[in-house]
Amino acid sequence: LAGTYSRSVLSSIERRFELPSTISAVVSSSYQIGNLTVMALVSYLGSKVNRPRFLAAGSLLLFIGYILVVLPQFLGDLYVFADLSTTSTSNHSQTFTCTEVAEITPHSTSCEMEEEKANSNMYIFIIVGMMVCGIGGAPTQPLGLSYVDDHASEHNSALYIGIITTITLVGPALGYLMGSFCLKIWVDFGRVDLDSITIDPKHQSWVGAWWLGFIVCIVVIAIASFPLWFFPKHLEKPEEKTKEYLTGNHSATEPFHRKRVSWKKKKGLGAAFARLFKNPQYICVLVIFTSIGFKIAGLGTFVVKYLEVAFGKSASQSSFLIGAINLPFLIIGTLLGSVIIKRWKLQKLGMVRLCICGFVLSFACMIPSFFIGCDTIAHAGLTVPYPTSAETEIADGVESTCNSMCHCDQNTYIPVCGPANITYLSPCHAGCTDTSSESGKNEYTSCSCLGANGTSQSVTIGRCFVSNCEESVWGVIVSKSLSNFFSGMCITAIMILKMRTVLPQDKSFGIGIGLLVYRVLAAIPGPIAFGALIDSSCLFWSQNPCSNRSYCTVYDNHKYRRGFIGLVLIAQIASIVAAIVL
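Because the structure is predicted, anything quoted here is derived from the model rather than measured.

## Describing the sheet that holds strand 2 (residues 423-424)
Pairing between sheet strands relies on hydrogen bonds along the backbone, with the strands arranged either parallel or antiparallel. The antiparallel open sheet is built from 5 strands, whose spatial order is 2-1-5-4-3. Either end of the sheet is taken by a strand with one partner, and the two such strands are strand 2 and strand 3 (432-436). Where strand 3 lies against strand 4 (residues 443-447), 4 bridges are found, and the strand directions are antiparallel. Bridging across to strand 4, S436 finds its partner in E443.

So, in structure tokens, the structure goes:
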């Protein structure tokens, strides 16, 4: 719940604290970094400690960590925004018009003030808090799943783990829905007069109440962790589990481990590593787990932004679509996979076959998303020629003869809408030399780049529209939902295979190492790889004149879609191949 919610509000945190993308990347990965520092040790100690109390102690760290995350909201100043479309900022907006005199670089004092504000260290609380949460969350899967598996019969274990996994997937669904709700509320509600807020959630300066959902998470974690303090170290074991531990045998690890009986007698961290990484079955399961994790890490981080850029949905709308429609299919698929394993009493080979079928069907359902998308909205000089240009091709750069004398800032994106639904990068790029303030809103007039009779026409603040095929988003939602359903059928099987392909005493360690490898090879590099592909599709970069920080404001939608969905499909192919080898 908290992990997914934090990703859904990351862009708001970035705007609130004026963070460059490098710092926001650290914020998003700090949970994984904290988790990595202790995962191997926690997993190794799993069979030697009271696992429920260890989980409860970890939950206490989660409680403390998320308190640190919300502190900046209450220790810092109120968020200040500027609405360029109102008459109150008309003097500011005048600087974006066409002028024969080059704009003067902002005064050094104002730059120093802006840098002082942007360099506020409040965001460090969020990074430290997320790292503490990563440490606290480390015991959850390796100790929690192994505790359940150790104290349930083999076939009931599949159902129990499936239920736990399903509940675990309900968390992200609720996280996206909670993000959708909280991002509609002004960040400083309760501290400011909301009537003074003149912008809405679709405005580029809007910051929602990013901190509110973390308060909910803190309360839920405190309630859910309380019973864990009272569980015993061992519950009464089913007869088959008792025999398994007394003999040291494990049906799922034969005949592979039977050839290496001497390894069972070896103790220590090094011997445990050797047993895992010389086990080809476990390696194949790791490849499957990591490739699927790579896909999930990228989708989880950027799917909301993808729906914003590709189909013009707001962050709140995108979060709702993912949480209310997309993820429930994953939950149903996961529960169905658990029932199939229990109903037909699938052993290792049967579970692998289930995975292959699920992966292939998931891949097939995802293919339509590669082709469904909108054209990039018309931007003069970027996607279409200027109306006044005799050229039929788009020239290099965003200037034209109609604005070549305007000294336009080539790093500023203040979009305005002109005739024929063509968006211009700024009033200056539209060749506008004057403004008017009718109806309380700024309009730019006397524009030389609007085509015939352009000087008698005006442009308005904002893009002409945010998408030219917004309804196509439903095709992507259906495609991804079906893909999620078939992927979900494999999740419980993968979880069980991670435990069934290792010796009983290595169960917690095997789960933990699997999560460690997942974080090193998928959870941390996955979003970076997806982000690099997304950045490569950028058509126009805006830049802060004081800090020189750049961020993309216009994307090539087709290139964005092919890179984003293409990388998802590649990860799915890797999981199919690994499952066939297994």
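## Comments concerning the state of the cysteines
Applying the stated criterion across every chain, the model contains 6 disulfides. C408 shares a disulfide with C428; S-S distance 2.0 Å. Taking the sign of the torsion about the S-S bond as the criterion, the disulfide between C408 and C428, at about -90°, is left-handed. One end of the pair, C408, is in the loop between helix 16 (348-371) and strand 1 (416-417); the other, C428, is in the loop between strand 2 and strand 3, and 20 residues separate them in sequence. By relative accessible area, C408 is classed as buried at 8%. The exposure class of C428 is buried, given its relative accessible area of 5%. There is a disulfide in this structure between C432 and C447, and the S-S distance comes to 1.9 Å. Around the S-S axis, the bridge from C432 to C447 shows a dihedral of about 100° and counts as right-handed. Highlighted residues: C432 in strand 3 and C447 in strand 4, separated in sequence by 15 residues. For the residue pair C432 and C447, the accessibility class agrees, reading buried in each case. Sulfur of C355: no disulfide; nearest cysteine sulfur belongs to C490 and is 4.5 Å away. Judged by its relative accessible area of 1%, C355 falls in the buried class.

## Quick notes on the packing of aromatic side chains
Aromatic ring pairs are described here by two measures, namely the spacing of the ring centres and the angle between the planes. Inspection of every chain in the model, using the stated rule, returns 23 aromatic pairs. Among the aromatic residues, those joined into a ring-pair cluster are F294, Y306, F311, F530, Y555, Y560 and F564. When the ring centre of W344 is taken as reference, the NZ or CZ atom of R343 above it lies at 5.3 Å. The ring of F289 has K498 lying over it, and the distance from NZ or CZ to the ring centre is 3.7 Å.

## So, the pattern of salt bridges
Tallied over the full model, the rule gives 7 salt bridges. Among the salt bridges present, the one from R51 reaches D150, with a minimum N-O distance of 3.0 Å. Of the two residues, R51 is situated in helix 4 (residues 51-75) and D150 in helix 8 (residues 140-150); the sequence distance between them amounts to 99 residues. In this structure, R51 and D150 share a single accessibility class: buried. With a shortest N-O distance of 3.2 Å, D149 and R500 are connected by a salt bridge. Of this pair, D149 sits in helix 8 while R500 is found in helix 17 (residues 473-500), placing the two residues 351 residues apart along the sequence. Side by side, D149 and R500 carry an identical accessibility label, which is buried.

## Brief notes about the packing of helix 4 against helix 8
Orientation of helix 4 relative to helix 8, taken along the N-to-C sense of each, is 150°, at an axis distance of 10 Å. By the criterion of interaxial angle, the relationship of helix 4 to helix 8 is roughly antiparallel. As for the relative orientation of helix 4 and helix 8, their crossing is left-handed in sense. Contacts between helix 4 and helix 8 pair R51, P52, F54 and L55 from the former with T140, L143, G144, S146, Y147 and D150 from the latter.

## Observations regarding the nonpolar core
In summary, soluble globular proteins display a tendency toward joint burial of nonpolar side chains. In this structure, Y306, L307, F311, I341, F359 and F564 are the most contacted members of the largest nonpolar core, which totals 77 residues. If we skip the residues at most four places from it in the chain, I341 touches A158, L346, M351, L354, T492, A493 and I496. Among the nonpolar cores identified, the runner-up in size contains 35 residues, and L183, V207, L212 and I221 belong to it.

The rules behind each value
Residues numbered from 1 in each chain as written. Predicted model: local features only at pLDDT ≥ 70, side-chain atom pairs only at ≥ 80, totals over all residues. Heavy atoms only, no water. Pairing = 2+ DSSP bridges. Helix = DSSP H or I, 4+ residues; strand = E, 2+ residues; numbered from the N terminus. Disulfide = S-S within 2.5 Å. Buried < 20%, exposed > 50% of the residue type's maximum accessible area, 1.4 Å probe, protein only. Phe/Tyr/Trp six-rings, centres within 6.5 Å; stacked < 30°, edge-to-face > 60°. Lys NZ or Arg CZ within 6 Å of the ring centre and 35° of its normal. Salt bridge = Lys/Arg side-chain N within 4 Å of Asp/Glu carboxyl O. Axes fitted to C-alpha atoms, helices over the stretch in contact; angles between N-to-C directions. Parallel < 35°, antiparallel > 145°, perpendicular 65-115°, else oblique. Left-handed = near helix turned anticlockwise from the far one by under 90°. Contact = heavy atoms within 4.5 Å. Core = buried A, V, L, I, M, F, W, Y, C linked by side-chain atoms within 4.5 Å.

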